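Results of the structural survey
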Amino acid sequence: GKSKSAINTTVKWDGAPAIFAGIDPSDGKFFVAKKGLFNVNPQMFKSVADIKKDSKLSGELKTKFSIAFTEFSKLGIKSGVYQGDLMFTKGDVGVKVNVYKRWC
């Protein structure tokens, strides 16, 4: 379009997977999780070994969750649960991906 005045715009970066990280109040242990955190029986990973054992995660997701667990555990989270999208890991840099544009 055309405008005779300044226009403010924003960009929303959307990554995958969505990762939850925090401290499990039932045992005080650090965890990372996907959306299964909100199941009746919450699914969370409290070690890299837990991630590697999960048969429902693809190899790529096992790698990403393992990196997230290793790095996020260094943040010193003491309480609460945090959520964010993982934008990329070192292995993704330089990989060509399909980008879909959606105009609203």
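Anyway, here's the lowdown on the structure attached to this text. Model, not experiment: these values are computed from the prediction.

Notes on the packing of aromatic side chains
- Considering all chains together, one arrives at 3 aromatic pairs under this definition.
- A ring pair is formed by Phe45 and Phe65, whose centres lie 5.7 Å apart and whose planes are at 65°; its orientation type is edge-to-face. Separated by 20 residues along the polypeptide, Phe45 in the loop between strand E2 (30-33) and helix H1 (48-53) and Phe65 in helix H2 (residues 59-72) bring together distant segments of the chain. Of the two residues, Phe45 and Phe65, both sit in the buried class.

Here's the deal with the sheet that holds strand E1 (residues 18-23)
- What the 3 strands build is an open sheet, ordered E2-E1-E3; its pairing is antiparallel. Edge positions in the sheet fall to E2 and strand E3 (81-85), since each of these pairs with one other strand and no more. Ignoring which end each strand starts from, the neighbouring axes of this sheet average 20° apart.
- Strand direction decides the pairing type here: E1 and E3, joined by 5 bridges, are antiparallel. The residue of E3 that forms the bridge with Ile19 is Gly84.
- Across the face of the sheet, H2 comes into contact with E1 and E2 while running at roughly 150° to E2.

Concerning the side chain of Asp54
- You can see Asp54 is positioned in the loop between H1 and H2.
- Buried and unpaired, Asp54 has Lys34 as its nearest opposite-charge partner, separated by 5.4 Å.
- Looking at Asp54, its side chain comes within polar contact range of the main-chain nitrogen of Leu57, at 3.4 Å.

What counts and what doesn't
Residues numbered from 1 in each chain as written. Predicted model: local features only at pLDDT ≥ 70, side-chain atom pairs only at ≥ 80, totals over all residues. Heavy atoms only, no water. Phe/Tyr/Trp six-rings, centres within 6.5 Å; stacked < 30°, edge-to-face > 60°. Helix = DSSP H or I, 4+ residues; strand = E, 2+ residues; numbered from the N terminus. Buried < 20%, exposed > 50% of the residue type's maximum accessible area, 1.4 Å probe, protein only. Pairing = 2+ DSSP bridges. Axes fitted to C-alpha atoms, helices over the stretch in contact; angles between N-to-C directions. Contact = heavy atoms within 4.5 Å. Lys, Arg positive; Asp, Glu negative; His and termini not counted. Salt bridge = Lys/Arg side-chain N within 4 Å of Asp/Glu carboxyl O. Polar contact = N/O pair within 3.5 Å; in protein donor to acceptor, adjacent residues only side chain to side chain.

Don't take any of this as a statement about function, it's just geometry.
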